[in-house]
Amino acid sequence: MTNDRETKKSTMGGDEREHRRLAMTLAAVLFLGTFQLGEGELKGDYSKLSGIIIPGFASTQLRAWSILDCPYSPLDFNPLDLVWLDTTKLLSAVNCWLKCMLLDPYNQTDNPECKSRPDSGLSAITELDPGYITGPLSSVWKEWVKWCIEFGIEANAIIAAPYDWRLSPSMLEERDLYFYKLKQTFETALKLRGGPSIVFAHSLGSNVFRYFLEWLKLEIAPKQYIQWLDDHIYAFFAVGAPLLGSTETVKGMLSGNTFGLPVSEGTARLMFNSFGSSLWMMPFSKYCRADAMYLKHFSGGIRKGPNAYQCEQKEFQSNYSGFSTNIINIEIPSTRGIDAYPSVSEFSQTNYSSMECGLPTQLSFSAREISDGTFFKAIEDYDSDSKRTLHQLKKSYHDDPVLNPLTPWDRPPIKNVFCIYGVDSRTEVGYYFAPSGKPYPDNWIITDVIYEIEGSLVSRSGNQVEGNPGPASGDETVPYHSLSWCKNWLGPRVNITRAPQSEHDGSDVQVELNVEHHNEDVVPNMTRSPRVKYITYYEDSESIPGKRTAVWELDKANHRNIVRSPALMRELWLQIWHDIHADSPSKFVTKAKRGPLRDDDCYWDYGKARCAWPEYCEYRAVG
């Protein structure tokens, strides 16, 4: 038997395929029930919407803006040559390639011999290195765009907002006017299509969008701020957002994280620590906040002085800054005694109570002690990067005039907010470091790793670890505690639905209505089949008048792959279709039944020896 999916598709002409696609889509929408629009929601047609994509860390192509002669290699860098990611040049001339990637660690300027700038357009974010690296690092938003094309979205309706992901937030505006241009992008989309935009942000892209919203407060008159948001932004989809940072950032800063690139960990660390953005993803406490530095609009120029950084009493009464364990446990030579650490806070001095002279001492640091600089001050005498880190931390984060990004999010003031992330994958949440005896950048080694996995903490060797694990684990990159912070944006009554990710007839859908929620995590009392991957939806449309908040948890969805998840793209499509439909009785799309939406969703059911979902799909053998 030939491949049934390809055979089926090959028998259909272009017009027939289009008609079937439309019929399947309409049928799918019909079986989801009837629809209506609530107060303050989009009224009008779907053709007026625009989609603006803000990619994550390392997900925008960078191109050379210099002429660089690479000795000992036949490959040079010329203007517009691909830098990130050209693995051919990386392999053949890594030192030359690094000149085009590294930034000055203090002022974020380019190497004198080579500069790189972000590419523009959708091609800048769809594939980073076509044809060489397969998997999540290379193909990013390509599948997403393919879905849009399949469903007939116009070319000018999908807009990429690429950026130089190496820069700190303030430098994005100072050097590239990124946030000014992003504002213009929203305004142009409104004029071009007549309706507001939907923001799709992945990972660090969500942090970029958060900073944009704070920057916008200072850019336009305060009375016009909410109106501007209502006019220009219909919904914000935050996908895999590290709302309280990512512990993997610590690994990248101390020992290097190659992300699958053919470079050494030392080289990866050297590169990562030259970027101002590396600190943007550091874990931080959910109990500590900082005030903005300006009281008024920029034009007023009234300065408050240093940021007031204050922590709730819970920070000091509980362990780990709300995370499941201490993030850093590090072995430090103690031959110089306590006097070697004059800058460590009194709280950290308790780490030295059992120190023996001349023997290594293990210190432990929570998320707060990492983000406020305590940790970097403690290792300043033993790590040459600490001075650079402390400089960047103060200049670009603690003293940022718009926002200290290392503080907890409040719900963005957008009409519709959807927070989407993967759960129940093994995720790194803590590390044990020790001196390696080698020079920088290889001066630290990881001696053990703590993982969270489905409600428990285990070491790399498989032993149970004490701590405060959450009810689930994260998405392999960002801990559950950080991803699920957006559950705090839900109100006191939440409707919860759990449904299979795959196509289903509605028999395995579980619903709990009006579940009480008190600004903490909310966990459903629902069953799981061990062989089924679910989506759990937490939805609230009552707490804030005219606004909706939803949290979607996708079982086993990987952080870097989630934007290509067919289940996620299907649910996004159905939610948007639901919102623009004229007769919807509910705020959110029902999860009662899921059939195929595209030709690619049809498949042959070998157990029943027939085409699956025969009411939507048909199989045609080649004659």
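In the block above lies the structure referred to throughout.
These numbers were taken from a predicted model, which means no experiment stands behind them.

## Digging into the pairing of strand β15 (residues 456-459)
- In this sheet, β15 lies alongside strand β14 (residues 444-453) in antiparallel orientation, the contact comprising four bridges. Bridging across to β15, I450 finds its partner in S459.
- The turn linking β14 back onto β15 is made up of two residues, and E454 within it adopts a positive phi angle of 50°.

## Quick notes on the pattern of salt bridges
- Applying the stated criterion to the full structure yields 28 salt bridges.
- K217 is paired through a salt bridge with E214; the nearest N and O atoms lie 3.5 Å apart. Of the two residues, K217 and E214 both sit in helix α9 (residues 204-219), three residues apart, roughly one turn of that helix.
- Ionic pairing is found between K251 and E428, a salt bridge with its closest N-O pair at 3.1 Å.

## Some thoughts on the packing of aromatic side chains
- Counted by the stated rule, this structure contains 30 aromatic pairs.
- Members of the aromatic cluster, connected to one another through ring pairs, are Y163, Y178, F179, F186, F209, Y211, F212, W215, W228, F236 and W280.
- Over the face of the ring belonging to Y537 we find K591, whose NZ or CZ atom lies 4.5 Å from the ring centre.

## Considerations on the state of the cysteines
- Inspection of the entire model under this criterion finds five disulfides.
- Here C419 connects covalently by a disulfide to C486, the sulfurs 2.1 Å from one another. Residues C419 and C486 are joined through a disulfide that is left-handed, its torsion about the S-S bond being -75°. You can see C419 sitting in strand β12 (residues 416-423) and its partner C486 sitting in the loop between α18 (480-483) and β16 (493-500), a full 67 residues away along the chain. Neither C419 nor C486 differs from the other in exposure class; each is buried.
- The side chain of C602 participates in a disulfide bridge whose partner is C617; the two sulfur atoms lie 1.9 Å from each other. Given an S-S torsion of about -70°, the disulfide between C602 and C617 has left-handed geometry.

## Quick word on the sheet that holds strand β19 (residues 548-555)
- Taken in spatial order, the nine strands line up as β5-β1-β6-β7-β12-β19-β18-β16-β17 in an open sheet, and their pairing is mixed. One side of each edge strand has no neighbouring strand; the edge strands of this open sheet are β5 (158-160) and β17 (510-516). Strand-to-strand twist across the sheet, computed as the mean angle between neighbouring axes with direction ignored, equals 15°.
- Both strand β1 (residues 50-54) and β5 contribute to a ladder of three bridges, which runs parallel. Note on β5: the bridge partner recorded for I53 is A160.
- Of the strands in this sheet, β1, β5, β6 (197-202) and β7 (233-239) touch helix α8 (residues 178-193), which is tilted by about 160° from β1.

## Digging into empty space enclosed by the protein
- The full count for this structure, using the stated rule, is six cavities of 30 Å³ or more.
- The volume enclosed by the largest cavity comes to roughly 360 Å³.
- Looking at the lining of the largest cavity element by element, the count peaks at three residues for helix α11 (residues 248-254).
- Here the second largest cavity defines a volume of roughly 90 Å³.
- Considering the residues around the second largest cavity, the lining is formed by 13 residues, among which F57, N257, F259, M271 and F272 are closest to the centre.
- Top element by residues in the lining of the second largest cavity is helix α12 (residues 265-272). It accounts for three residues.
- Looking at the lining of the second largest cavity residue by residue, the class counts come to eleven nonpolar, two polar and no charged.

Cut-offs applied
Along each chain, residues carry numbers from 1 onward, in the same order as the chain's sequence is written. Where local features are concerned, this predicted model is filtered to residues with pLDDT of at least 70; where side-chain atom pairs are given and counted, the filter is 80 or more; whole-chain, interface and lining totals use all residues. Think of the side-chain values as coming from all heavy atoms in the structure, minus any hydrogens and water. Strands pair, by our definition, only if DSSP identifies at least two bridges between them. Put simply, DSSP H or I for four residues or longer makes a helix, DSSP E for two residues or longer makes a strand, and each gets a number counted from the N terminus. Just to be clear on terms, a salt bridge is a Lys or Arg side-chain nitrogen sitting within 4 Å of an Asp or Glu carboxyl oxygen. Any pair of Phe, Tyr and Trp rings, taking the six-membered ring for Trp, is counted once the centres come within 6.5 Å. Such a pair is stacked with planes under 30 degrees apart, edge-to-face with planes over 60 apart, and tilted for the rest. Over a ring means this: the NZ of a Lys or the CZ of an Arg is within 6 Å of the ring centre and within 35 degrees of the ring normal. We call a pair of cysteine sulfur atoms a disulfide whenever their separation is within 2.5 Å. Using a 1.4 Å probe on the protein chains alone, a residue whose accessible area is under 20% of its type maximum counts as buried, one over 50% counts as exposed, and one in between counts as partly exposed. Only the stretch in contact is used when fitting a helix axis, every axis being a line fitted to C-alpha atoms; angles between N-to-C directions are given from 0 to 180 degrees. Any two residues whose heavy atoms approach within 4.5 Å at even a single point are treated as in contact. Here a cavity denotes grid points, spaced 1 Å and computed from the protein atoms alone, that fit a 1.4 Å probe unable to get out, and a pocket denotes an open set having protein on both sides within 12 Å along at least 5 of 7 lines; residues with an atom within 4 Å of a point are the lining. Grid points are joined across faces, edges and corners, and a volume is the space filled by probe spheres set on the points. Residue polarity follows a fixed list, in which Ala, Val, Leu, Ile, Met, Phe, Trp, Tyr, Cys and Pro are nonpolar, Asp, Glu, Lys and Arg are charged, and the others, Gly among them, are polar.

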